[in-house]
Amino acid sequence: MDIKNINDIRKKVKTVKIGNILIGSDNPISVQSMTNTDTRDIKSTAEQIKSLENAGVDIVRLAVLDMDAAKAIKEIKKQTKVPLIADIHFDHNLALESMKSGIDALRLNPGNIKNKEKVKEVIKEAKDRNLTIRVGVNGGSLDRSIYKEVTAENMVKSAAEHIKLMEDLDFTNIKVSLKSSDIKTTIEANMLFRENFNYPIHLGVTEAGTLRSSLIKSTSALSFLIMQGIGDTIRYSITGDPLEEVMAGKMLLKFLGLRKEPSIEIISCPTCGRCQVNVEEVASFIEKHVQNIKKNITIAIMGCVVNGPGEARHADFGVAGTADGNFIFFEKNNEPIKVSRDNIIDFLTKKIEEF
Ligand code: SF4
């Protein structure tokens, strides 16, 4: 398989719309995150969404726990730009109120609203407003009175039941997620769903843990599935700052060659006993600094001159540590320049600005 052509192997599925973002088929895989503020706290929630917007998020989800949270959406919408999804469990009134407040989509499992009339009411309102509903099947919350075990088959069966409830009401603006905290179950469930259904898939590994654990778990599952052409929108679920979720999602798509907008790539070595400079400090600072700079630059930050000049030649420019604890700066076709360790950050930030 030529992984440069992931888009060519993505199955043509139904396209759904969330605000101005199209999901499914040839549309770019979008990056989602979820606020961890109290949705009723309009100021903090809007501020968090704005910081996620600055980091490049495409869609943000909010938990709607009560009527006040559903009503707060109206003001939050006014203060923010990206499409918002209301996360609803069980209470159909919260879904109706969120739609009244101008939400762009819902995450709701219709089967959890036990009353058929109430389901009808929600679906009718969503249909009138041309909104999308995500069915979210999570291994942990699979109805154990029906499904004895959390298996990929049972997760897909559960999704199929929620879908049927909506299709019976002639509603097909559906997107589906099948998430388990287990990588293999997540992969199997999504592959099985893709074989049998034509709705777009929201990919993620649930309860993936703190930063390190989530990065490994989510990246393993997501990149495997995306390389099979499966997945139309993604979320890294990380215990901690949702900004990390956005950064991780954007980086994964960039590394898979699926995001074409200008961005700065930092290549840095793992360091070893030869290294006499603080590569981690310089690379971390520069990585944070360039987060929102829309330029296409590859920068190599290397620990020593053994591999440094070679890597720097492939990059647009780079630095390598010297035996006396300072740096040498390399740029294509130019003579290397010595830069002192005290000046390295200023020097690099200036170079990035001028590039
Ligand atoms: S570039 Fe130098 S310091 Fe970095 S890992 Fe390679 S040999 Fe070690």
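Note that the structure is predicted; figures quoted are calculated from it, not measured.

The rules we used
- Within each chain, residue numbers correspond to sequence positions counted from 1 in written order.
- Residues qualify for local features only when their pLDDT is at least 70, as the model is predicted, and side-chain atom pairs are given and counted only at 80 or more; totals for whole chains, interfaces and linings, by contrast, use all residues.
- Values shown for side chains rest on all heavy atoms present in the structure; no hydrogens or waters enter the calculation.
- For every residue, the accessible area obtained with a 1.4 Å probe (protein chains only) is divided by the maximum for its type, and the residue is called buried under 20%, exposed over 50%, and partly exposed between those limits.
- Numbering of helices and strands runs from the N terminus, with a helix taken as a DSSP run of H or I at least four residues long and a strand as a DSSP run of E at least two residues long.
- The criterion for strand pairing is that DSSP finds at least two bridges linking the strands in question.
- Call a crossover right-handed when, viewed with both strands pointing away from you, the route from the first strand across the helix to the second goes clockwise.
- If even one non-hydrogen atom of a residue comes within 4 Å of a molecule or strand, that residue is called near it.
- Gly is placed with the polar residues, together with every amino acid not listed as nonpolar (Ala, Val, Leu, Ile, Met, Phe, Trp, Tyr, Cys and Pro) or charged (Asp, Glu, Lys and Arg).
- Basic side-chain nitrogens of Lys or Arg form a salt bridge, by our definition, when they fall within 4 Å of a carboxyl oxygen of Asp or Glu.
- Where each domain begins and ends follows an automated or database-derived domain assignment.
- Here, two residues are considered to be in contact whenever any of their heavy atoms come within 4.5 Å of each other.
- Summed over both partners, the accessible area (1.4 Å probe) lost when two parts come together is defined as the buried area.
- Between the N-to-C directions of two axes lies an angle of 0 to 180 degrees, each axis being a line fitted to C-alpha atoms and, for a helix, fitted only over the stretch in contact.

1. Side note on the pairing of strand 5 (residues 84-87)
Side-chain direction in a regular strand flips from residue to residue, so the side chains alternate between the two faces of the sheet. Of the two faces of strand 5, both are covered, the one formed by Leu84 and Ala86 as well as the one formed by Ile85 and Asp87. Pairing of strand 4 (residues 59-63) with strand 5, which is carried by 4 bridges, proceeds in the parallel orientation. Bridge pairing in strand 5 places Ala63 opposite Asp87. For the segment spanning strand 4, helix 3 (residues 67-79) and strand 5, crossover handedness is right-handed. Pairing analysis gives 3 bridges linking strand 5 to strand 6 (residues 105-107), with the strands arranged parallel. Bridge assignment links Ala86 to a residue of strand 6, and that residue is Leu106. In terms of handedness, the path from strand 5 via helix 4 (residues 92-100) over to strand 6 forms a crossover that is right-handed.

2. Brief notes about the site of the ligand
The ligand sits among Cys269, Thr271, Cys272, Arg274, Cys275, Met302, Gly303, Cys304 and Asn307. When its residues are assigned to classes, the shell around the ligand shows 5 nonpolar, 3 polar and 1 charged.

3. Side note on the pattern of salt bridges
Charged atoms that come close allow side chains of opposite charge to pair. Going through the model one piece at a time under the given rule, you end up with 22 salt bridges. Of the charged contacts, one joins Glu125 and Arg129 as a salt bridge, the two residues approaching to 2.8 Å between their closest N and O atoms. Overall, Glu125 belongs to the partly exposed group, its relative accessible area being 25%. We classify Arg129 as partly exposed; its relative accessible area is 35%. For Asp232, the salt bridge goes to Arg194, with nearest N and O atoms at 3.4 Å. Placement of Asp232 in the loop between helix 8 (211-227) and strand 10 (233-235) and of Arg194 in helix 7 (residues 183-196) is noted, with a sequence separation of 38 residues between them. On the accessibility criterion, Asp232 (3% relative accessible area) is buried. It is possible to trace a salt-bridge network through shared partners that takes in Arg10, Arg194 and Asp232.

4. Side note on the domain arrangement of the protein chain
Domain assignment breaks the protein chain into domain 1 (3-255) and domain 2 (264-354). Distance from the C-alpha centre of domain 1 to the C-alpha centre of domain 2: 39 Å. Residue-level contacts link 6 residues of domain 1 with 5 residues of domain 2. For the pair domain 1 and domain 2, the two sides together bury roughly 420 Å², of which 50% comes from carbon and sulfur.

5. As for the sheet that holds strand 12 (residues 297-302)
The mixed open sheet is built from 5 strands, whose spatial order is 11-12-13-14-15. Two strands close off the open sheet at either side, each with one partner strand: strand 11 (264-268) and strand 15 (337-339). Neighbouring strand axes in the sheet, compared pairwise and without regard to direction, differ in orientation by 20° on average. Sheet topology note: the strand 14 (residues 327-331)/strand 15 ladder contains 3 bridges and is antiparallel. The residue of strand 15 that forms the bridge with Ile328 is Lys338.

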